[in-house]
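# Structure assessment
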Number of protein chains: 2
Amino acid sequence: MEVPVPSKPLPYERIANELRVGIIDGRLAAGAQLTGENELMQRYSVARETARKALRVLRDEGLTLTRRGVGVFVRDARRVSRHASRNPAIAAVDETSAGMVGVEEVADNVTAPEHIARALGLREGELVCRRVQRQYAGVSTTRRSALYIPMGLAVEASITELDFGPGGAEARLREAGHAPARANEVIRVRMPFRPEAEDMRIEGAVPIVTILRTDYDRNGLAVQASETVLDGSRYALEYDFPLPEA
Amino acid sequence: MEVPVPSKPLPYERIANELRVGIIDGRLAAGAQLTGENELMQRYSVARETARKALRVLRDEGLTLTRRGVGVFVRDARRVSRHASRNPAIAAVDETSAGMVGVEEVADNVTAPEHIARALGLREGELVCRRVQRQYAGVSTTRRSALYIPMGLAVEASITELDFGPGGAEARLREAGHAPARANEVIRVRMPFRPEAEDMRIEGAVPIVTILRTDYDRNGLAVQASETVLDGSRYALEYDFPLPEA
DNA sequence: CAGTGGTCTAGACCACTAG
DNA sequence: TAGTGGTCTAGACCACTGT
């Protein structure tokens, strides 16, 4: 191990460390307010930017959440489970956040984006029926998703713009004999870009999870593909799957 | 929409935006060096900290990687696929990174941590056989994992410390009639803590993925549980699973 | 209004890397 | 040694929030 011993922590590191243990060991519970910049400056005899830097470390670790003009607070680390095999995958909408919860939804027909075309086995430029959803929980968006169905199938299953009918696209596909029998999901994780974070009203340093899902009917035909973006701090993703024999 | 128009971007935002589009549209390819602090100061007539702040935005978005004394560079966004149903789940070790690749491994017997005991259906304080792995790719650790097997099963399957035999624990369990038949995985995403990031030699703002996996034999007995920590920027996780009839 | 965090400056010193 | 990024200071002004 050529790891150099941490020797003497820098001022901002020392402050960050002390605050962090307070959070992790529970002395500072979720929602609790941290010592502010001004008091940190006095208590540790450091300059403004140094106190700020310490607080920035914690925010970058996703431990805190900053409210301008108010203060710095410990984040709520609770998560909602998303079980991929279930329908709907997200059973309960985030109960942790007070305030209104809802889903915004629009539908239209577009030419399939490249990666969606690939997932659905379509040729470039083919039409798909698209439904875009946006889920709110409290003040922030917790989920954004786009569902794509090949145009031919959509027509066959009587799926039209603006109205997927009772039970959603699932039910229509089922009625048309294309009930989804198995699915594939590809998960990617990354940090949101700044404009994106604002759009999703993501606060602090929170990773984003993107899920590209493809559903197949019992004949192996790709019947729908969806792309979902989740606030990574609010979900736990769960999968159940069989293992191959050999 | 009550979203206020961005009006006039702040100096640091403007700099960050210009650099970002350069990266996203490909003018600045992976590995390319960005304009440094000093030149940004002159080119935009801003102070040190302002130029630094612009660069920090990109680093926080996981787009760049900073090498002290050298410069700021565009990250390589390529990922390795981890297919949960396959064995091993990670087919190819990161081909993108030159340099040595390897796995460090130690095994011992310990009392099961609480969440592992829960996953394996053990009572608190029961013994498990543990194997800890650490995978390197180039300079950085790309994976850390701990595998737990109930002591009783480990004995039955002739799994001992320091030597899991050819084919690993899988093969031993199989021979003992406890071949894993299905698995459950729970995925969580978060930002690494500072000490943790140093330990994993994670550079820049990169989310971490933790996977808690439990394998069951055909009788539904939990035969092994594992906890894996991945550098979220380097992997794409893939799942294939059947969907329920109803 | 007082208190909070957000941005910015000008200048200093340090640590690391390469040629 | 020259050039890079990392830390820190002291002070300024702004924007937002609550009372």
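Residues numbered from 1 in each chain as written. Chains lettered and ligands numbered in written order. Predicted model: local features only at pLDDT ≥ 70, side-chain atom pairs only at ≥ 80, totals over all residues. Heavy atoms only, no water.

By the naming in an unreviewed UniProt entry, chain A goes by HTH gntR-type domain-containing protein and is assigned to Mangrovactinospora gilvigrisea.

## Thoughts on the overall build of chain A
Per the secondary structure count, chain A includes 7 helices and 10 strands. By the burial criterion, 49% of the 246 residues in chain A qualify as buried. For chain A, the share of sequence-separated contacts (at least 6 apart) that also reach a separation of at least 24 residues comes to 60%. (Helix = DSSP H or I, 4+ residues; strand = E, 2+ residues; numbered from the N terminus. Buried < 20%, exposed > 50% of the residue type's maximum accessible area, 1.4 Å probe, protein only. Contact = heavy atoms within 4.5 Å.)

## Concerning the protein's contact with DNA strand C
Surveying the vicinity of DNA strand C reveals 26 residues, the closest of which are A:Glu49, B:Pro11, B:Tyr12, B:Thr50 and B:Lys53. A share of 69% of the atoms of DNA strand C within 4 Å of the protein falls on sugar and phosphate groups. The separation between a base nitrogen of DNA strand C and a polar side-chain atom of A:Glu49 is 2.5 Å. Listing elements by their share of the surface near DNA strand C, those giving two or more residues are helix H2 (37-44), helix H3 (48-60) and strand S2 (71-74) of chain A together with helix H1 (11-24) and helix H3 (48-60) of chain B. (Near = heavy atom within 4 Å. Polar contact = N/O pair within 3.5 Å; in protein donor to acceptor, adjacent residues only side chain to side chain.)

## Here's the deal with the packing of aromatic side chains
Scanning the model with the defined rule gives 3 aromatic pairs over all chains in all. With 3.8 Å between their ring centres and 0° between their planes, A:Tyr239 and B:Tyr239 make a pair best called stacked. Residue A:Tyr239 is located in strand S10 (residues 235-242), and its partner B:Tyr239 is located in strand S10 (residues 235-242); the two belong to separate chains. The residues A:Tyr239 and B:Tyr239 share a single accessibility class, namely buried. Each member of the aromatic cluster is reached from another via a ring pair, and the members are A:Tyr239, A:Phe241, B:Tyr239 and B:Phe241. Positioned above the aromatic ring of B:Tyr12, the side-chain terminus of B:Lys53 is 4.7 Å from the ring centre. The ring centre of B:Tyr216 lies 4.3 Å from the NZ or CZ of B:Arg182, which sits over that ring. (Phe/Tyr/Trp six-rings, centres within 6.5 Å; stacked < 30°, edge-to-face > 60°. Lys NZ or Arg CZ within 6 Å of the ring centre and 35° of its normal.)

## So, the side chain of A:Asp231
Inspection of the secondary structure assignment puts A:Asp231 in strand S9 (residues 222-231). As a buried residue without a salt bridge, A:Asp231 has its nearest oppositely charged side chain in A:Arg234, at a separation of 4.5 Å. (Lys, Arg positive; Asp, Glu negative; His and termini not counted. Salt bridge = Lys/Arg side-chain N within 4 Å of Asp/Glu carboxyl O.)

## Points about the protein's contact with DNA strand D
Near DNA strand D lie 26 residues; those nearest to it are A:Pro11, A:Tyr12, A:Thr50, A:Lys53 and B:Glu49. Near the protein, within 4 Å, the atoms of DNA strand D are sugar or phosphate in 70% of cases. Between DNA strand D and the protein, one listed contact pairs a base oxygen with a side-chain N or O atom of B:Arg48 at 3.0 Å. Sorting the residues of the surface near DNA strand D by element identifies helix H1 (11-24) and H3 of chain A together with helix H2 (37-44), H3 and strand S2 (71-74) of chain B as the ones contributing at least two each. Residues that form the surface near DNA strand D fall into these classes: 8 nonpolar, 8 polar and 10 charged. (Nonpolar A, V, L, I, M, F, W, Y, C, P; charged D, E, K, R; others polar.)

## Side note on helix H6 (residues 168-175) of chain A
Residue and element names in this part refer to chain A. Summarising burial for H6: 6 of the 8 residues are buried, a large majority. Within H6, the full set of buried residues consists of Gly168, Ala169, Glu170, Ala171, Arg172 and Leu173. Downstream of H6 by one or two residues, Gly177 has phi in the positive range, about 80°.

## Focus: the pairing of S2(A)
Here S2(A) shows a buried face lined by A:Gly71 and A:Phe73 and a second buried face lined by A:Val72 and A:Val74. Count of turn residues in the strand S1 (residues 64-67) of chain A/S2(A) antiparallel hairpin: 3 residues, of which A:Gly69 carries a positive phi of about 80°. (Pairing = 2+ DSSP bridges.)

## Section: the relation of the copies chain B and chain A
Overlay of chain B on chain A (RMSD 0.1 Å): rotation 180°, translation along the axis 0.0 Å. Taken together, these values place the two copies in the relation of a two-fold axis. The rotation axis passes nearest to the C-alpha of B:Phe241 in chain B, at a distance of 2.5 Å. Both copies contact each other with a shared surface, as 96% of the interface residues of chain B are interface residues in chain A too. (Least-squares fit on C-alpha atoms with pLDDT ≥ 70 in both.)

## Quick notes on the pattern of salt bridges
Should their charged atoms come close, side chains of opposite charge can pair. All names here are of chain B. A complete count under the given rule lists 34 salt bridges over all chains for this structure. Measuring nitrogen to oxygen at the nearest pair gives 2.6 Å for the salt bridge that ties Glu39 to Arg43. On the criterion of helical spacing, the pair formed by Glu39 and Arg43 is a turn pair, its members being 4 residues apart in helix H2. Arg82 serves as the salt-bridge partner of Glu185, at 2.9 Å between the closest nitrogen and oxygen. Of this pair, Glu185 sits in strand S7 (residues 180-190) while Arg82 sits in strand S3 (residues 80-83), placing them 103 residues apart in sequence.

## Topic: the confidence of the model for chain A
Residue and element names in this part refer to chain A. Looking at chain A as a whole, its pLDDT mean stands at 86, while 86% of the residues score no less than 70. Here helix H7 (residues 194-199) stands out as the least confident element of chain A, with mean pLDDT 79; strand S7 (residues 180-190) is the most confident, with 97. Residue range residues 1-6 is modelled with pLDDT below 50. Its contacts to residues more than four positions away, or to other chains, number 3 contacts. (pLDDT = per-residue confidence, 0-100.)

## Points about the nonpolar core
Formed by 28 residues in total, the largest nonpolar core has its most connected members in A:Ile187, A:Leu237, A:Tyr239, B:Ile187, B:Leu237 and B:Tyr239. Taken together, the elements giving at least two residues each to this core come down to S7, strand S8 (208-217) and S10 of chain A together with S7, strand S8 (208-217) and S10 of chain B. Here B:Tyr239 is in contact with A:Ala183, A:Asn184, A:Glu185, A:Ile187, A:Tyr239, A:Phe241, B:Arg82, B:Ala84, B:Glu185 and B:Ile187, once residues within four sequence places are set aside. (Core = buried A, V, L, I, M, F, W, Y, C linked by side-chain atoms within 4.5 Å.)

## Comments concerning the interface of chain B and chain A
Counting from both sides, the interface comprises 52 residues of chain B and, opposite them, 51 residues of chain A. Carbon and sulfur atoms supply 53% of the area buried between chain B and chain A, which totals about 4,400 Å² over both sides. Of all residues in chain B, B:Arg194, B:Phe241 and B:Leu243 bury the most surface against chain A, accounting for 16% of the area lost on that side. Applying the counting criterion to the chain B and chain A interface returns 2 salt bridges. Linking chain B to chain A there are 22 residue pairs in polar contact (both at pLDDT 80 or more). Taken together, the elements giving at least two residues each to the side of chain B that touches chain A come down to H1, H3, S7, helix H7 (194-199), S8 and S10 of chain B. At 11 residues, S7(B) tops the list of elements feeding residues into the side of chain B that touches chain A. Class assignment for the residues of the side of chain B that touches chain A results in 28 nonpolar, 4 polar and 20 charged. (Buried area = accessible area lost by both parts, 1.4 Å probe.)

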